[in-house]
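Below are the chains, spelled out letter by letter.
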Amino acid sequence: MATLKGHKYNGAIDRVNVKSDKKYLINNGQGVIFNHNVFDEIPKEFYDADYVVVDPPWSMGNLRSFYTKAELKLNQEFKEFLDRIFYVIKEINVNSCYMEFGKQYKDEIVKRMSEIFDSVRVIDSFYYNTKPCYFIIGENEGHE
């Protein structure tokens, strides 16, 4: 994995050797974190999840920068990326989804969450304490 100057993620990139074919146990073995390309096949472990936390790129430029940092070629447009994220969320049938997003696509994300979940909440926040962002939370009532 390559990084651009200033994108060290508080040193995490130096502490964790992330490879695209690996999954990493976290929280004393009580959870799993993946470095997963959303366009790849859905890992079987995703289907066991009760909830999912998604921190996707917020725009086409941001998406392109993720691929540039990883030295990968981006072959999709942003709409295709969003379509795939929401396909995966719907397919794995989680009870709730927590997603951080910027202002540009906030209404689109709320609309798409509303198509999957019984209730959707939006919490105003700030990215790096400066840029407005939103935590969009979709939850199903009575999901088993």
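Q: Go over the side chain of Asn140 with me, naming the residues and quoting the values.
A: Counting through the fold element by element, Asn140 comes out in the segment after β6 (131-139). For Asn140, a relative accessible area of 15% translates into the label buried. Here Asp118 takes part through its backbone nitrogen, which lies 2.9 Å from a polar atom of the side chain of Asn140. Sequence-distant contacts of Asn140, defined by excluding residues within four places in its chain, comprise Val94, Asn95, Ile116, Phe117 and Asp118.

Q: Account for the sheet that holds β6, with residues named and values stated.
A: The mixed open sheet is built from 4 strands, whose spatial order is β3-β4-β6-β5. Looking at which strands have only one partner, the edges of the open sheet turn out to be β3 (51-54) and β5 (119-127). For this sheet, the mean inter-axis angle between neighbouring strands, taken without regard to orientation, is 15°. Taken together, the 6 bridges between strand β4 (residues 96-101) and β6 define a ladder with antiparallel strand orientation. Note that in β6 the partner of Tyr98 across the bridge is Ile137.

Q: Can you lay out the pattern of salt bridges for me, pointing to particular residues and giving the numbers?
A: Counted according to the given criterion, the structure contains 5 salt bridges. A salt bridge links Lys79 to Asp83, with the shortest nitrogen-to-oxygen separation between them at 3.0 Å. With a gap of 4 residues between them, Lys79 and Asp83 both fall in helix α3 (residues 78-92), about one helical turn apart. On the basis of relative accessibility, which here comes to 53%, the residue Lys79 falls in the exposed class. Relative accessible area serves as the criterion here: at 31%, Asp83 is assigned to the partly exposed category. Here Glu115 and Lys111 are joined by a salt bridge, their closest N and O atoms 3.3 Å apart. Judged by relative accessible area, which is 55%, Glu115 ranks as exposed. Given a relative accessible area of 47%, Lys111 falls into the partly exposed group.

Q: Can you explain the packing of aromatic side chains? Please cite residues and give values.
A: One pass over the structure, following the stated rule, counts 6 aromatic pairs. Here the aromatic rings of Phe78 and Tyr105 are separated by 4.7 Å at their centres, their planes lie at 45°, and the arrangement is tilted. Here Phe78 is found in helix α3, whereas its partner Tyr105 is found in the loop between β4 and α4 (106-114), with 27 residues between them in sequence. Using a relative accessible area of 5% as the deciding quantity, one classes Phe78 as buried. An aromatic cluster is defined as three or more aromatic residues linked by ring pairs; in this entry it consists of Phe39, Phe78, Phe81, Phe101 and Tyr105. Taking NZ or CZ as reference, Lys106 lies 4.6 Å from the ring centre of Tyr134, over its face.

Q: Report on the pairing of β3, specifying residues and quantitative values.
A: In β3, alternate side chains face the same way, and those of Val52 and Val54 are buried while those of Tyr51 and Val53 on the opposite face are not. With 4 bridges joining them, β3 and β4 adopt parallel strand pairing. Looking at the pairing, Val53 lines up with Tyr98 of β4.

Reading guide: rules and limits
Residues numbered from 1 in each chain as written. Predicted model: local features only at pLDDT ≥ 70, side-chain atom pairs only at ≥ 80, totals over all residues. Heavy atoms only, no water. Helix = DSSP H or I, 4+ residues; strand = E, 2+ residues; numbered from the N terminus. Buried < 20%, exposed > 50% of the residue type's maximum accessible area, 1.4 Å probe, protein only. Polar contact = N/O pair within 3.5 Å; in protein donor to acceptor, adjacent residues only side chain to side chain. Contact = heavy atoms within 4.5 Å. Pairing = 2+ DSSP bridges. Axes fitted to C-alpha atoms, helices over the stretch in contact; angles between N-to-C directions. Salt bridge = Lys/Arg side-chain N within 4 Å of Asp/Glu carboxyl O. Phe/Tyr/Trp six-rings, centres within 6.5 Å; stacked < 30°, edge-to-face > 60°. Lys NZ or Arg CZ within 6 Å of the ring centre and 35° of its normal.

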